Amino acid sequence: MAYLDVYIIGLGNLGTAFLEGLNSNNNLNLHLYEENDDIRENYSKKFNLPVFKNFEKIDSGVLILCIKPQGINSFLKQTSTQINKDVLICSPIAGLTISSISKYLNNKIIRIMPNLLIKKNNGFIPFVKNYEGDYINFELEVLSFLGNIKEFDEDMFPLITSLSGSGPAWYYELSQQLIEAGSDQGMSEKDAELLIKELIKSLPDLINDEDTFSDLVNKIKSPKGITEAGLDSLIDDSFQIIIKKAIQKATQRSLDISSELENE
Ligand SMILES: NC(=O)c1ccc[n+]([C@@H]2O[C@H](COP(=O)([O-])OP(=O)(O)OC[C@H]3O[C@@H](n4cnc5c(N)ncnc54)[C@H](OP(=O)(O)O)[C@@H]3O)[C@@H](O)[C@H]2O)c1
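(A) Representation of the overall build of the protein within the structure. Along its length, the protein carries eleven helices and eight strands. Along the longest, intermediate and shortest principal axes, the C-alpha atoms of the protein span 65 × 40 × 35 Å. Counting every position in the protein, which comprises 264 residues, the buried fraction comes to 38%. Counted over contacts in the protein with a minimum sequence separation of 6, partners at least 24 positions apart contribute 60%. Accessible surface for the protein amounts to roughly 16100 Å². Of this, 53% is attributable to carbon and sulfur atoms. Separation of charge centres in the protein, based on 25 positive and 38 negative side chains, amounts to 3 Å.

Shown next, in the form of structure tokens:
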């Protein structure tokens, strides 16, 4: 059995999620890189794997770029001669297009937008690539090991990033506002937080493949009931417009970051 070499650059939120999700795949050889001294030391101990500051040369396998958009152009400029053209480049970096990476590397490139649930092998991973077929079995051995995968047109990535990449933040913000509404109306913030956290934990079990979210709302509300009174107030206060505008703004920001990175 040939091992697949997987190089993870950056062990922040997402790099760690990759590491946790892939650590139990015995068909992979994980190579870890992180600039921060404390993180390097902690993760070496925690995962019993060496974590290096930087690499000298990568000949084969896949390089997963888990660094912030701000540092990516200088990283690619500095390392492009150290990366063999057979190496698959995998980028989850928000806003970074395949054509931007191609300015530095003439390699096969796969762009992905995973969520952090990849750490529990239960993520969802939209992807787009500039090649045909499953090069080095990456989709089979790595992406599908981390969750469900689906190919999209690259044009959809700004919207995918705002709907799904930033998605947890929309739900967390709504949860925070519910907690504040509860505490405004007399509940302690601690109790309100407990109620909302327990509520959020129950949601996955209530979602199913058949019902749309509108169906689920209809199952909770009843005519002239409590839920309907709140939903009517949301509609009166332009909830739909607020959400649509937020997604438009976030998508536009993603497009702007792409232009900034391309023109840097
Ligand atoms: N977090 C998410 O849910 C999520 C979801 C989808 C996509 N993404 C994308 O994933 C990327 C990483 O996000 P993140 O939230 O994981 O960021 P993060 O927590 O800031 O992690 C990035 C880590 O990489 C390190 N680093 C930077 N340059 C490096 C280099 N040249 N070599 C080795 N390590 C380096 C950073 O160290 P220093 O702090 O010392 O610079 C930091 O520890 C972003 O581009 C983001 O768009 C994130």
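(B) Local environment of the nonpolar core. Formed by 30 residues in total, the largest nonpolar core has its most connected members in V6, F18, I110 and F138. Residues contacting V6, with those up to four places away along its chain left out, are L22, L28, N29, L30, H31, V62, I64 and V142. Core analysis: the next-biggest nonpolar cluster, separate from the first, contains 25 residues, I93, I109, V128 and I160 among them.

(C) Examining the site of the ligand more closely. Near the ligand lie 21 residues; those nearest to it are N13, L14, E34, I67 and A94. N13 is positioned with one of its backbone polar atoms (N or O) 3.0 Å from an oxygen atom of the ligand. For the ligand, whose accessible area on its own is 900 Å², the fraction buried by protein is 76%. When residues of the shell around the ligand are traced back to their parent elements, those giving at least two are α1 (13-22) and α3 (69-79). Residue composition of the shell around the ligand, by class: 14 nonpolar, four polar and three charged.

(D) Molecular detail of the pairing of strand β5 (residues 88-91). Of the two faces of β5, the one carrying L88 and C90 and the one carrying I89 and S91 are both buried. In this sheet, β5 lies alongside strand β4 (residues 62-65) in parallel orientation, the contact comprising three bridges. By the bridge assignment for β5, L63 is matched with I89. The β-α-β motif built from β4, the intervening α3 and the parallel element β5 has right-handed crossover chirality. By the bridge criterion, three bridges tie β5 to strand β6 (residues 109-112) in an arrangement that is parallel. What sits directly across from S91, in β6, is R111.

(E) Representation of the pairing of strand β8 (residues 147-151). Sheet topology note: the strand β7 (residues 123-129)/β8 ladder contains five bridges and is parallel. Within β8, the residue paired with P126 across the bridge is K150. Assessed by its sense of winding, the connection that carries the chain from β7 through helix α5 (residues 138-146) to β8 is right-handed.

(F) Spotlight on the side chain of R111. Along the chain, R111 falls in strand β6. In terms of polar contacts, R111 uses its side chain to reach the side chain of E154, at 2.9 Å. When sequence neighbours within four positions are dropped, the list of residues in contact with R111 reads S91, G95, L96, T97, I98, P126, F127, V128, E154 and F157.

(G) Molecular detail of a nonpolar patch on the surface. Among the surface-exposed residues, L174, L178, L199, I200, L203 and L206 lie close enough to one another that they form a single nonpolar patch of about 490 Å² accessible area. Of all the secondary structure elements, the ones that give two or more residues to the nonpolar patch are α7 (167-184) and α8 (189-206). In terms of residue count, α8 provides more of the nonpolar patch than any other element does, four residues in total. Counting through the fold element by element, L174 comes out in helix α7. We classify L174 as partly exposed; its relative accessible area is 42%.

Cut-offs and rules
Along every chain, residues carry numbers that run from 1 in the direction the sequence is written. Only residues with pLDDT of 70 or above have their local features reported here, since the model is predicted, and side-chain atom pairs are shown and tallied only from 80 upward, although totals for entire chains, interfaces and linings are computed over all residues. With hydrogens and water stripped out, all remaining heavy atoms of the structure feed into the side-chain values. Put simply, DSSP marks the helices as runs of H or I at least four residues long and the strands as runs of E at least two long, and each gets a number from the N terminus on. Throughout, exposure labels follow a simple rule: accessible area from a 1.4 Å probe, protein chains only, divided by the maximum for the residue type, with under 20% read as buried, over 50% as exposed, and the rest as partly exposed. Contacts are assigned to residue pairs that have any heavy atoms within 4.5 Å of one another. Per-residue and other accessible areas were derived by the Shrake-Rupley procedure at a 1.4 Å probe size, with only the shown protein chains allowed to occlude residues. For this count, His and the chain ends are skipped, Lys and Arg are scored as positive, and Asp and Glu as negative. To locate a charge, take NZ of a lysine, CZ of an arginine, CG of an aspartate or CD of a glutamate. Buried Ala, Val, Leu, Ile, Met, Phe, Trp, Tyr and Cys residues that are joined via side-chain atoms within 4.5 Å together make up what is termed a nonpolar core. Nearness of a residue to a molecule or strand requires only that one of the residue's heavy atoms be within 4 Å of it. Polar contact is defined as a pair of N or O atoms within 3.5 Å, subject to the rule that within protein one atom must be able to donate a hydrogen and the other to accept it, and that residues adjacent in sequence are counted only when both atoms are side-chain atoms. Here the nonpolar group is Ala, Val, Leu, Ile, Met, Phe, Trp, Tyr, Cys and Pro; Asp, Glu, Lys and Arg are the charged ones; every other residue, Gly included, is treated as polar. Between any two strands, pairing holds if DSSP finds at least two bridges. When the strands point away from the viewer, a crossover counts as right-handed if the route from the first strand across the helix to the second turns clockwise. Patch members must show over 30% relative accessible area and no salt bridge, and they are joined within 9 Å when carrying like charges or within 5 Å when they are nonpolar side chains of Val, Leu, Ile, Met, Phe, Trp or Tyr. Within this document, salt bridges are pairs made up of a side-chain nitrogen of Lys or Arg and a carboxyl oxygen of Asp or Glu, the two lying within 4 Å of each other.

Bear in mind that shape data such as this cannot, by itself, settle questions of function.
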